[in-house]
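# Inside the fold
Spelled out from the first residue to the last, the chains are:
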Amino acid sequence: MEKIVLLGGGGHAKVLIDLINACGSYEIAGIVDAQLDVGVSVSGVTVLGDDRILSELYEKGLINACIAVGSVGDNSKRKALYEKVKNAGFLVPALIHPSAVISGKSHIREGAQIMAGAIVQTDSIIGENTIVNTGAIVEHDCTVGKHVHICPGAALSGGCLIGEGAFIGAGATVLQGIKIGSNSIVSAGAVVINDVPDNAKVIGVPAK
Ligand code: JB2
């Protein structure tokens, strides 16, 4: 079985460890983490060092990486880590929990993470390094950009366009055909009925 290294050993990493073990498609070689001590165990996976050891791991043939740092309201860390490992030559496979429902007519890009119970419907695109978190719904004909986080239980209705780096909070609802701008934040529980520009933050019902 091919091996994979996780970048980050916090809460999101624990959920990904469950996902990868449930898939059975990769053996987790270890975690690199900016703060955790070498040898610490996270859900049974050992911390190997910090990001400085990535090149050594790659030279030893460990070519698959997973961005296991999550995000709350700011996807820039995930973007930076993704670009760092890609530039270093790593492959960042899409990871899909076996309980997710993924249309055969959807497109899941490199490094996307589709967590337990999520649904991605027909003709939707999930961009590179984007998280569709637990139980989130992406309806038909949505285009979700790179480095987006769709949080647990959020729902995108059909034909939505989600810009790069956007954050859709837990339980938020985005009505059909709405455009959410790049790096914008939709707060938890918001109901979005109008387009949201780039770099904006909206809250409430209806979201403003
Ligand atoms: O540059 C880095 C780096 N920056 C932080 N490189 C590496 N290799 N690791 C990094 N980290 C590590 O990510 C931190 O040292 C820490 O161990 C981990 C982040 O853990 P935390 O539990 O704080 O956050 P998370 O991103 O795993 O989870 C958040 O986002 C998820 C989506 C939490 O809020 C979760 O509740 C949420 N589900």
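Quick summary incoming for the structure in this document. (Residues numbered from 1 in each chain as written. Predicted model: local features only at pLDDT ≥ 70, side-chain atom pairs only at ≥ 80, totals over all residues. Heavy atoms only, no water.)

A general tendency of soluble globular proteins is for nonpolar side chains to be buried together. Judged by nonpolar contacts, the single largest core of 30 residues is most densely connected at Val 138, Ile 150, Leu 156, Ile 162, Ile 168, Ile 180 and Val 192. Look past the residues within four positions of Ile 180 in its chain and what remains in contact with it is Leu 161, Ile 162, Gly 163, Ala 166, Ile 168, Val 174, Val 186, Val 192 and Val 196. Counting residues in each nonpolar core, the second largest holds 18 residues, with Leu 19, Tyr 26, Val 45 and Met 115 among its members. (Core = buried A, V, L, I, M, F, W, Y, C linked by side-chain atoms within 4.5 Å. Buried < 20%, exposed > 50% of the residue type's maximum accessible area, 1.4 Å probe, protein only. Contact = heavy atoms within 4.5 Å.)

Strand β1 (residues 3-7) sits mainly inside the fold: four of its five residues count as buried. Crossover β1 to strand β2 (residues 27-32) through helix α1 (residues 11-23) is right-handed. Judged from the three bridges that link them, β1 and strand β5 (residues 65-67) form a sheet pairing that is parallel. From the neighbouring strand, Leu 7 faces β5, where its bridge partner is Ile 67. (Helix = DSSP H or I, 4+ residues; strand = E, 2+ residues; numbered from the N terminus. Right-handed = clockwise from strand over helix to strand, strands pointing away. Pairing = 2+ DSSP bridges.)

Attention now goes to the pattern of salt bridges. Counting across every chain of the model gives five salt bridges. Taking the shortest distance from any N to any O, the salt bridge between Asp 51 and Lys 84 comes out at 3.0 Å. Within this pair, whereas Asp 51 is found in the loop between β4 (45-49) and α2 (54-59), its partner Lys 84 is found in helix α3 (residues 76-87), the two being separated by 33 residues in sequence. Across the pair Lys 60 and Glu 56 runs a salt bridge whose closest N-O atoms are separated by 3.3 Å. Accessibility expressed as a relative area gives 41% for Glu 56, which makes it partly exposed. (Salt bridge = Lys/Arg side-chain N within 4 Å of Asp/Glu carboxyl O.)

You can see Asn 133 is positioned in the loop between β12 (131-132) and β13 (137-138). Residue classification places Asn 133 among the buried residues on the basis of a relative accessible area of 9%. Leaving out residues up to four positions away in the same chain, Asn 133 has contacts with Met 115, Ala 118, His 149, Ile 150, Cys 151 and Pro 152.

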